[in-house]
Every structure is written in C-alpha cells, then in structure tokens.
Amino acid sequence: MSNNFKEAFEKTRLAGSIAAKALDEVAKIVKPGTSTDSIDKLCYEFINDNGAYSAPLFYRGFPKSCCTSVNHVVCHGIPSGKILKDGDILNVDVTAFKNGWHGDTSRTFEIGEVSVKAKKLVKTTFEAMMKAIKIVKDDIHLGDIGATIQNHVEAAGFSVVQDFCGHGIGEHFHQEPNVLHYGKKGTGEKIKAGMIFTIEPMINIGKFETKILNDGWTAVTKDKSLSAQFEHTIGVTKDSCEIFTLSNI
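Presented here is an overview of the structure given in this document. Fair warning: this is a prediction, and the values are worked out from it, not measured in the lab.

When you go through the chain residue by residue, the secondary structure sums to 4 helices and 15 strands. In terms of overall dimensions, the chain is globule-like: its C-alpha atoms have a radius of gyration of 17 Å, near the 18 Å expected for 249 residues. Looking at the chain residue by residue over its 249 residues, the buried ones come to 53%. In the chain, of all internal contacts separated by at least 6 residues, the share reaching a separation of at least 24 is 70%. Carbon and sulfur atoms provide 53% of the accessible area of the chain, an area that totals close to 11,000 Å².

Take the pairing of strand β2 (residues 67-70) next. Of the two faces of β2, the one lined by Cys67 and Ser69 and the one lined by Thr68 and Val70 are each fully buried. By the bridge criterion, 4 bridges tie β2 to strand β4 (residues 89-98) in an arrangement that is antiparallel. The partner of Val70 across the bridge, within β4, is Leu90.

Here we come to the sheet that holds strand β3 (residues 73-75). Sheet architecture is open: 3 strands sit in the order β3-β12-β11, paired in antiparallel fashion. The outermost strands of the open sheet, each flanked by one partner alone, are β3 and β11 (210-212). Sheet twist, expressed as the mean angle between neighbouring strand axes with direction ignored, is 40 degrees. Where β3 meets strand β12 (residues 219-221), 2 bridges bridge the pair, whose relative direction is antiparallel. The residue of β12 that forms the bridge with Val73 is Val220.

Quick notes on the rules
- Residues numbered from 1 in each chain as written.
- Predicted model: local features only at pLDDT ≥ 70, side-chain atom pairs only at ≥ 80, totals over all residues.
- Heavy atoms only, no water.
- Helix = DSSP H or I, 4+ residues; strand = E, 2+ residues; numbered from the N terminus.
- Rg over C-alpha atoms; globule rule 2.2 N^0.38 Å.
- Buried < 20%, exposed > 50% of the residue type's maximum accessible area, 1.4 Å probe, protein only.
- Contact = heavy atoms within 4.5 Å.
- Areas by Shrake-Rupley, 256 points an atom, 1.4 Å probe, with all protein chains shown as cover.
- Pairing = 2+ DSSP bridges.
- Axes fitted to C-alpha atoms, helices over the stretch in contact; angles between N-to-C directions.

Okay, structure coming up:
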C-alpha cells in the first residue's frame, strides 16, 4: 500500500470506528418507547465526545445528526418525537467527521418482536451487503457489486432500491464513484486499490420505487412496504478490502 493510501486508510479507520461505536451505543437504547430524537441526541453527543463531528448535521440543510428511517422509510428519515413501537424496524445512519475525514455506516435494528417477513428482509439486506463486500478487490467492476446484491435480494423475493446508491467518501462526504446496488457483472468502472467508498443497499419487501416527502429529505417506498438498509465504509486493497465501520458487539 502506498503512503497516500496508508494515510487515507488510517484516517478513515479512525472516523469509521467512531461511527461504528456510535451505533453500538444506539443498540443499547433501541426498544419500544424510545424516540428517534433521543437516538439523534445520543449519536450527536457520542460522536462529539470522541472529538468528531456528526457530518449529516446541517449537510445541505439536513436538520439532525443522524438519519432514522422507520418501517417504510427507505432513507434520510429525520429524527423527531416519533416513538418506536414493538414490531418496527429502524435504520440508523451515522457519519463521523474526524481530522478532515469521514466514516459512514448504518444498521437496521429490530424493535421488540418483529414479523417473520421483516426478519427475513433485515437478514437478506445484511447478507447482500456482506456478499458484495466479500468480492471487492482491485480490478473488479462496479457492476459486479450491484449484480451480487441484486441476485441475492431478488432470489429472496425482495427488490433493490434504484434511486439511491453507495458513494466514494474521504475528505468529502459524497464523491465519485457512485456504487449502484443493482447491475450486471463485468460492467461499469473498474475498482482500484486505494479507493474508499460505501456499500449501502436499501431493500424493499414490495416494489423498488420510492418518493420523497414534502420535507425534501424523507424517502419512502411508494407502495408503503417495509424497507431495510445496512452500510459499511470500505477501502479497496489488492486482494480484498478493509471494512472501516465494523461493530464491536
């Protein structure tokens, strides 16, 4: 690994570990009766206490420190007084900005006892992300990532959201390349060692179409079906990749 890669990887590793630990803290409080605002407060304080900044806060006008997407909310849900209830699924998406570099990750949590279908959705989404991460190495195509996710998800009877994608990340929150979660093997840009990007599939029980609510942020499934998401920030090496946002629990 060149020295440039080394510094980028070290800085992303630090930011990523803070983001991952913030979600480990969230895991301790998510239960029926918890408000999404209290999750936002926890994320803000934890990231701040670790000498970092919550990158979503005021990013393009976003009003909160994390995204909390409940049930049929696909992504970019805004924390509020909303109270979680038994059977909900909740995605929490956090990004820590530390020493000029970003670490971005999200997890879908099951609140209390969720339905069999919801459990399958959450499990399939996580598996799809990890299967895609497993194939990442120097010189594969971006389309290989999308194809791996799409094949796994559609075999389980679910659909892949196409309106949002993973992204390059580093000193900027969002940069090239765009990492689609659907596609054909052998298509798209070739991945090179040293690249840092997110893989963050959003998977729906129903159809893949989404719409944005009037707040300009919250994306929901058009058919109001459940949606789940997981996200890791990874760095490409010659023979594989490093996950910078692994959980400690």
